[in-house]
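A closer look at the structure
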Amino acid sequence: ESVAFFKMIASVPLELEGTVPADYGTIYKGGCPVCQLGAVPDGNILVAGKFFKNKQICFIPPDIVVSGAVRDHLLQSDLTGFHFGNRVRDYKNRPMGEFVRWEIDSILPPMSKTAWLHPYEFREYECEHNIIYQRSEPQYEKEKMENAKDFNLSCEYLDNFRMQNLIISRKAKEFFKSIGVRAHYEPVTLL
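Below you will find a few notes about this structure. Bear in mind that the values here come from a model prediction, so they are computed numbers and not experimental data.

**Quick word on the pattern of salt bridges**
Counted under the stated rule, the structure contains eight salt bridges. Asp72 is the salt-bridge partner of Arg71, the closest N and O atoms lying 3.1 Å from each other. Taking relative accessible area as the criterion, Asp72 reaches 34% and is therefore assigned partly exposed. Connected through shared salt-bridge partners, Arg71, Asp72, Arg87 and Glu98 make up one network.

In C-alpha cells:
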C-alpha cells in the first residue's frame, strides 16, 4: 500500500496469433518512416473481433484499447492523463463488442539510469530504433514523478512489442479493482 505507481500489464489478445492491427488493414500515419515506431492509427483500428470476447483492457501493439464499459467508468471518474480516440472494428465488419483506443496524454521523463534496460545487439531495422529489453521494474527518481498523472506512458519503447510502459497511480489501480478490471500490476520503484 506504500507504492505510489504501478506498471499495468493487460491482455495481448493478438499475441498468440502473431498479428498486429496493420495485418488486418489498419492504416497508420506518422512515426519513423523505416520501422513505424510512434505511428498512430489514421481512422478506425481493424482487428479480428473474435479475439476480444470478454476483454476489458487490451494491448494491441502499438495501441491500448478499452471496452465501452471501461470507457464509461473512466469518463465518470476524476482520474487524469487520458482521452479516447478511434474505434476498434472487426476487419470483415462482423459484430464485436464496443472498443475504443485509449490515448494516454502524459509521457514520463526517462527512467533512472539504475533501471536495467538492455539494447538488443542485432539491429532489426535500418534506423536508430533498436529493440530495448526491460530487465528490471521501472525506476524513477521521485522528483521526475511530481507532475505525473493517474495514467502515464514511459518515454521508452520497450521489449518485442516496442510499446511504452503504462504507468498508473495507486488511485487508478484501486479504481480498476473497484470496477472488476483484471490486469497485472508491478510496483514502480521511486528513488
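Structure shown, so let's carry the discussion forward.
**Examining the sheet that holds strand β4 (residues 45-47)**
Strand order in the open sheet made by the five strands is β4-β7-β8-β6-β5, with mixed pairing throughout. The open sheet terminates on both sides in strands that have one partner only, identified here as β4 and β5 (57-60). Adjacent strand axes in the sheet meet at a mean angle of 35 degrees when their direction is disregarded. Bridge analysis of β4 against strand β7 (residues 82-90) gives three bridges, and the strand direction is parallel. Counted as the bridge partner of Val47 is Asp90 from β7.

**A look at the environment of Lys142**
By secondary structure assignment, the location of Lys142 is in the loop between β12 (139-140) and β13 (151-158). Sequence-wise, Lys142 and Ser112 are 30 residues apart; in three dimensions their C-alpha atoms are separated by 10.0 Å. Apart from residues no more than four positions distant in its own chain, Lys142 is found in contact with Leu190 and Leu191.

**Some points on the nonpolar core**
One finds Ile57, Leu74, Trp102, Phe151, Leu166, Ile168 and Phe176 to be the most contacted residues of the largest nonpolar core, which totals 26 residues. Contact partners of Ile168, with chain neighbours within four places excluded, come to Ala4, Phe5, Phe6, Met8, Asp150, Phe151, Lys173, Phe176 and Tyr185. Counting 12 residues, the second largest nonpolar core, distinct from the first, contains Leu14, Val47, Ala48 and Cys58.

**Quick notes on the packing of aromatic side chains**
Pairs of aromatic rings are described using the distance from one ring centre to the other and the angle between the two planes. The tally for this structure, following the rule as stated, stands at 10 aromatic pairs. With a centroid separation of 5.6 Å and an interplanar angle of 90 degrees, the aromatic rings of Phe82 and Phe151 are classed as edge-to-face. In this pair, Phe82 is assigned in strand β7 and Phe151 in strand β13, connecting sequence segments 69 residues apart. Each member of the pair, Phe82 together with Phe151, is buried.

Rules of the game
- Residues numbered from 1 in each chain as written.
- Predicted model: local features only at pLDDT ≥ 70, side-chain atom pairs only at ≥ 80, totals over all residues.
- Heavy atoms only, no water.
- Salt bridge = Lys/Arg side-chain N within 4 Å of Asp/Glu carboxyl O.
- Buried < 20%, exposed > 50% of the residue type's maximum accessible area, 1.4 Å probe, protein only.
- Pairing = 2+ DSSP bridges.
- Helix = DSSP H or I, 4+ residues; strand = E, 2+ residues; numbered from the N terminus.
- Axes fitted to C-alpha atoms, helices over the stretch in contact; angles between N-to-C directions.
- Contact = heavy atoms within 4.5 Å.
- Core = buried A, V, L, I, M, F, W, Y, C linked by side-chain atoms within 4.5 Å.
- Phe/Tyr/Trp six-rings, centres within 6.5 Å; stacked < 30°, edge-to-face > 60°.

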